[in-house]
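Next come the chains, spelled out residue by residue.
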Amino acid sequence: MRPRVFIPFLLSLTFLFAGCATGVPEEEVAQVYYNLGKAYADLDRNNDAIKAYSRALSYDASLFQAGYNLARMYIELGKFDEAEVILRDLLTEDPENTVLLETEAWSYHLQGNPSRALEIYEGILKKVPNHKNALFNAGVLAMEKGDSGRAYELFTDLYGYTPEDEEVLLRLGFLEREQGNPEKAVELLEKCVKKNPENREALLALGEIHVTLARYGDAVTYYDKALELEASSELLFEKAFILLTALEDYDEGMATLAKAVEEGFSDTERVIQLAEYPELYNAQEIIPFLVEKGLYEIPDTTGEPEVE
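Structure report, in brief. Given the structure is predicted, the values throughout are model-derived calculations rather than measurements.

Structural notes on the overall build of the protein chain
- Secondary structure assignment for the protein chain yields 17 helices and zero strands.
- Taking the intrachain contacts of the protein chain between residues at least 6 apart in sequence as the baseline, contacts between residues at least 24 apart amount to 44%.
- As displayed, the protein chain has an accessible area near 17200 Å², and 48% of this comes from carbon and sulfur atoms.

Written as structure tokens, this is what we have:
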């Protein structure tokens, strides 16, 4: 059975075509095709939507929304060349339109050309310095390119406009950490966690930063919160490492270490760092456990005397 959404559009088309000989404006026909295209798009009938939008433009080339929707649909389908032709035409008519420029940048990003996408976003910011989407996307692209300095500038600017945005708090927290500002990073990441207690990335980052600041109890607290959301052998080991070294909590530390091993932890380098930790508390019990689990081999220090 046909979805009801098609009936009014098809009826409208029938009446319009019947009335074309009597002088129905082509703009009205274009609008009906545009509406039909939207209906097809809502039903994920992309090919039909493309045909309808294209027909709308054939009747009224100035129908901006039809052209824009068609370009976006081409981008979503990976037909970037077709989208570019339409976007270029639209930008020729309206070169300052930031929506079109953002769409073009998005297309380049999907094509694997982040440098060109970033260039477009930077161009938008020259025209509109407080353009929030451009600030965010340019910041993300700068981070992906490894330009943490520029990303820091962009997200700092954006934070001034959106100080409560969870994603901005998270990314700027990461960047403050990279810039060597751990206390500022903690402040931002704690705000992020306050907004969303289940932001595991923020919880992990807070745990890691507190380790670097030698606040081991705080680190374990954040690791526990992250483990409640999703257990992982790596995080269990990091918690065990802190308990068995800095906090010297043997019972909980061994229980956590055993769980990490049970969950499949196998990072040899980290195991060696634990086993050979200076003045390891209860090493006489920890090291045999690691040996028994096949994670550590006690170095042979006897050796053969050198022959001269």
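Notes on a negative patch on the surface
- Negative charge collects at one region of the surface, where Asp89, Glu93, Asp94 and Glu96 lie side by side.
- Looking at where Glu96 falls in the secondary structure, it is placed in the loop between helix H5 (80–93) and helix H6 (98–110).

Focus on the packing of aromatic side chains
- Considering all chains together, one arrives at seven aromatic pairs under this definition.
- With a centroid separation of 6.0 Å and an interplanar angle of 5 degrees, the aromatic rings of Phe64 and Tyr68 are classed as stacked. Taken together, the residues Phe64 and Tyr68, both in helix H4 (residues 64–76) and four residues apart, mark about one turn of the helix.
- Judged by its relative accessible area of 28%, Phe64 is partly exposed.
- Through pairs of rings, three or more aromatic residues link up here, namely Phe237, Phe241, Phe265 and Tyr277.
- Sitting over the face of the ring of Phe241, Arg270 holds its NZ or CZ atom 4.4 Å from the ring centroid.

Structural notes on the pattern of salt bridges
- Counted by the stated rule, this structure contains 15 salt bridges.
- With its nearest N and O atoms 2.9 Å apart, the salt bridge here joins Glu208 to Arg177. Linking Glu208 in helix H12 (residues 200–212) with Arg177 in helix H10 (residues 166–178), this pair joins segments that are 31 residues apart in sequence.
- Under the relative-accessibility criterion, Glu208 is labelled partly exposed at 33%.
- Here Arg177 falls in the partly exposed class, since its relative accessible area comes to 34%.
- Ionic pairing is found between Glu183 and Arg215, a salt bridge with its closest N-O pair at 2.4 Å. Of this pair, Glu183 sits in helix H11 (residues 182–195) while Arg215 is found in the loop between H12 and helix H13 (216–229), placing the two residues 32 residues apart along the sequence.
- Taking relative accessible area as the criterion, Arg215 reaches 30% and is therefore assigned partly exposed.
- Here the salt bridges share partners, and the residues they tie into one network are Glu84, Arg88 and Glu104.

So, unusual backbone geometry
- Unlike most non-glycine residues, Glu279 shows phi in positive territory, near 50 degrees.
- Following the sequence through the fold, Glu279 ends up in the loop between helix H16 (268–275) and helix H17 (283–292).
- Of the residues examined, Glu279 reaches a relative accessible area of 79% and is grouped as exposed.
- Located in the positive-phi region is Asn282, a residue other than glycine, with phi close to 60 degrees.
- The residue Asn282 is located in the loop between H16 and H17 in this model.

What to know about the packing of H5 against H6
- Two elements in contact, H5 and H6, have axes whose closest approach is 10 Å; the angle formed by their N-to-C orientations is 160 degrees. Overall, the two elements H5 and H6 adopt an arrangement that is roughly antiparallel. With respect to the hand of their crossing, H5 and H6 are arranged in left-handed fashion. In contact with Phe80, Glu84, Leu87, Arg88, Leu90 and Leu91 of H5, H6 contributes Leu100, Leu101, Thr103, Glu104, Ser107, Tyr108 and Leu110.
- Residue composition of the contact of H5 with H6, grouped by class: eight nonpolar, two polar and three charged.

Some thoughts on the layout of surface pockets
- Considering only enclosed or pocket space, the largest pocket measures out at about 200 Å³ in volume.
- If you trace the largest pocket, you find it lined by Leu57, Ala61, Ser62, Phe64, Gly67, Ile86, Asp89, Leu90 and Glu93.
- Where the lining of the largest pocket is concerned, the elements lending two or more residues are H4 and H5.
- If one sorts the elements of the lining of the largest pocket by residue count, H5 sits on top with four residues.

Focus: H4
- End to end, H4 covers 18 Å across 13 residues, agreeing with the expected 18 Å (1.5 Å per residue, within 8%).
- Looking at H4, one finds that the buried residues are Ala66, Gly67, Tyr68, Asn69, Leu70, Ala71, Met73, Tyr74 and Ile75.
- At the exit of H4 stands Gly78, carrying a positive phi of roughly 80 degrees.

Describing the environment of Leu227
- Looking at the element boundaries, Leu227 is found in helix H13.
- A relative accessible area of 14% means that Leu227 is categorised as buried.
- Counting along the chain gives 23 residues from Leu227 to Leu204, while the straight-line C-alpha distance between them is 9.3 Å.
- In this view, Leu227 contacts Ser232, Leu235, Leu236 and Lys239; residues no more than four positions away in its chain are not counted.

Parameters at a glance
Residues numbered from 1 in each chain as written. Predicted model: local features only at pLDDT ≥ 70, side-chain atom pairs only at ≥ 80, totals over all residues. Heavy atoms only, no water. Helix = DSSP H or I, 4+ residues; strand = E, 2+ residues; numbered from the N terminus. Contact = heavy atoms within 4.5 Å. Areas by Shrake-Rupley, 256 points an atom, 1.4 Å probe, with all protein chains shown as cover. Patch = residues over 30% accessible without salt bridge, like charges linked within 9 Å, V, L, I, M, F, W, Y side chains within 5 Å. Salt bridge = Lys/Arg side-chain N within 4 Å of Asp/Glu carboxyl O. Lys, Arg positive; Asp, Glu negative; His and termini not counted. Charge placed at Lys NZ, Arg CZ, Asp CG, Glu CD. Phe/Tyr/Trp six-rings, centres within 6.5 Å; stacked < 30°, edge-to-face > 60°. Buried < 20%, exposed > 50% of the residue type's maximum accessible area, 1.4 Å probe, protein only. Lys NZ or Arg CZ within 6 Å of the ring centre and 35° of its normal. Axes fitted to C-alpha atoms, helices over the stretch in contact; angles between N-to-C directions. Parallel < 35°, antiparallel > 145°, perpendicular 65-115°, else oblique. Left-handed = near helix turned anticlockwise from the far one by under 90°. Nonpolar A, V, L, I, M, F, W, Y, C, P; charged D, E, K, R; others polar. 1 Å grid on protein atoms, 1.4 Å probe; cavity = no way out; pocket = protein on both sides within 12 Å on 5 of 7 lines; lining within 4 Å. Points joined across faces, edges and corners; volume = space filled by probe spheres on them. Expected span 1.5 Å × (residues − 1).

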